[in-house]
Amino acid sequence: MNEKLKHAILARKSVRSYDGKMPSKEQTEQIKAYMADRSNYACPFGSSLRMELLEHGNVGTRNVIKKPPMYVIVIIRNTRESLIDAGYIFERFILFVESLGLNTCYLNSGFQRETVQLAEPLAEDEIMILASPIGFAAEKKSFVEKGSRWFLKAGKRKILDEMFFDHSLGSPVKTPQVREKLEYVRWAPSAVNAQPWRIIFEGEKARFYITTKAKASRRAEYNIHILDIGIALCHYVLAFGHSSFIKEENVPNPEEMNYILTVE
Ligand SMILES: Cc1cc2nc3c(=O)[nH]c(=O)nc-3n(C[C@H](O)[C@H](O)[C@H](O)COP(=O)(O)O)c2cc1C
């Protein structure tokens, strides 16, 4: 795995307090070049997604994000596949931005769409699914940031044995080399730190599931935790180097889990 991305996976933390300084011209150019390169939009279901960089705009976070120098906005069509693809593509982007020495924070419920001025307005069937500030962390976290990290247990994750299984639930993965790689999946970010991904290995196949315990907000028109699965898929592909995605038929569906996709 690319060492810089590997480091970014383990070092990244959501940052909500910035020092207000703009990324350098070089960093901004690198971000724009990444966004313009269509090969960076390859994803499991081939959905189309667009991103816009707001170099001076605001996204209305009710002061949760302090002194953000710029934002990126992610726009998709609202389907289950697009949500997975959005997590997959955007996480790769986030890791790239972090590898440039910058900080970020996923926002879904935490920004007000009506305050965002896009260069290319939304088509009728498009939604703004995510935003993230891009900048440098302030020396001190705001009071709000400290509170939200504490509330979300943001510095913690479930243990491997609760999420990754061999052949069936209740049989955690034992192979040390596989466990080592799974650490990179374990540290993926997720909405409200729900960590809804589960993997059941069947030989070389990694079957991804979502736990039905991770529920959509009642007000939302989609389940944001589906997008979390795309984020975990991104980390899996980076850690294991496997990237053949298949939708299998007649896969066992254990209680409280829904099958999403297999990687081999
Ligand atoms: C899809 C998604 C949506 C998120 N939405 C918000 C949000 O609206 N507001 C916010 O403050 N954090 C949001 N987060 C950040 C998560 O709370 C954070 O990733 C999680 O608590 C783990 O903390 P970490 O990113 O520092 O590892 C979101 C994260 C993801 C992956």
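Residues numbered from 1 in each chain as written. Predicted model: local features only at pLDDT ≥ 70, side-chain atom pairs only at ≥ 80, totals over all residues. Heavy atoms only, no water.

- Going by an unreviewed UniProt entry, the protein chain carries the name Putative nitroreductase TM1586 domain-containing protein and comes from candidate division KSB3 bacterium.

### Regarding the UniProt feature "domain: Putative nitroreductase TM1586" (unreviewed entry) in the protein chain
Here is step 1 of the chain: Under the local residue numbering, the UniProt record ascribes the feature "domain: Putative nitroreductase TM1586" (unreviewed entry) to residues 5-239.
Here is step 2 of the chain: Structurally, residues 5-239 is divided into 32% helix and 17% strand, and its ends, taken at the C-alpha atoms, are 10 Å apart. (UniProt positions renumbered as here; feature names shortened; annotations may be inferred. Helix = DSSP H or I, 4+ residues; strand = E, 2+ residues; numbered from the N terminus.)

### Observations concerning the domain arrangement of the protein chain
Here is step 1 of the chain: Examined at the domain level, the protein chain breaks down into domain 1 (3-147) and domain 2 (157-263).
Here is step 2 of the chain: Averaged C-alpha coordinates put domain 1 and domain 2 at centres separated by 23 Å.
Here is step 3 of the chain: Facing 23 residues of domain 1, the contacting portion of domain 2 comprises 21 residues.
Here is step 4 of the chain: Note on domain 1 versus domain 2: buried area summed over both sides is about 2,100 Å², and carbon and sulfur give 75% of it.
Here is step 5 of the chain: Summed over the shared surface of domain 1 and domain 2, the result is 4 residue pairs in polar contact (both at pLDDT 80 or more).
Here is step 6 of the chain: Put simply, the parts of the chain that give the side of domain 1 that touches domain 2 at least two residues each are α1 (3-11), α3 (80-99) and β4 (126-135). (Domains from an automatic or database assignment. Contact = heavy atoms within 4.5 Å. Buried area = accessible area lost by both parts, 1.4 Å probe. Polar contact = N/O pair within 3.5 Å; in protein donor to acceptor, adjacent residues only side chain to side chain.)

### Focus on the site of the ligand
Here is step 1 of the chain: Every one of the 21 residues lining the ligand counts as a neighbour, but S14, R16, G110, R149 and R157 are closest to it.
Here is step 2 of the chain: In the model, an oxygen atom of the ligand is placed 2.8 Å from a nitrogen or oxygen of the R12 side chain.
Here is step 3 of the chain: Here an oxygen atom of the ligand sits 2.8 Å away from a polar atom, N or O, in the main chain of G110.
Here is step 4 of the chain: Counting only elements with at least two residues in the shell around the ligand, the list comes to α4 (143-152) and α6 (224-240). (Near = heavy atom within 4 Å.)

### Focus: the nonpolar core
Here is step 1 of the chain: Grouped together as the largest cluster of nonpolar side chains are 65 residues, with contacts concentrated most on F93 and I129.
Here is step 2 of the chain: Domain assignment of the residues forming this core places at least three in each of domain 1 (3-147) and domain 2 (157-263).
Here is step 3 of the chain: In this structure, I65, Y71, C105 and L107 belong to the second largest nonpolar core, which totals 15 residues. (Core = buried A, V, L, I, M, F, W, Y, C linked by side-chain atoms within 4.5 Å. Buried < 20%, exposed > 50% of the residue type's maximum accessible area, 1.4 Å probe, protein only.)

### Concerning the packing of aromatic side chains
Here is step 1 of the chain: Overall, the coordinates contain 10 aromatic pairs when judged by the stated rule.
Here is step 2 of the chain: Ring centres of Y209 and Y259 lie 5.7 Å apart, and the angle between their planes is 65°; on these two criteria the pair is classed as edge-to-face. Of this pair, Y209 sits in strand β7 (residues 205-211) while Y259 sits in strand β9 (residues 257-263); the two residues are 50 residues apart in sequence, bridging distant segments of the chain.
Here is step 3 of the chain: Residue Y209 is classed as buried on the basis of its relative accessible area, which comes to 1%. (Phe/Tyr/Trp six-rings, centres within 6.5 Å; stacked < 30°, edge-to-face > 60°.)

### Observations regarding the sheet that holds strand β2 (residues 70-77)
Within a beta sheet, neighbouring strands are joined by backbone hydrogen bonds and run either parallel or antiparallel to one another.
Here is step 1 of the chain: One open sheet accounts for 4 strands, arranged β1-β2-β4-β3; its pairing is antiparallel. Looking at the sheet topology across the chains shown, the edges are occupied by β1 (50-54) and β3 (103-104).
Here is step 2 of the chain: Where β1 lies against β2, 5 bridges are found, and the strand directions are antiparallel. Bridge pairing in β2 places L53 opposite V72.
Here is step 3 of the chain: Sitting on the sheet, helix α2 (residues 25-36) is in contact with β1, β2 and β4, with an inclination near 160° to β1. (Pairing = 2+ DSSP bridges. Axes fitted to C-alpha atoms, helices over the stretch in contact; angles between N-to-C directions.)

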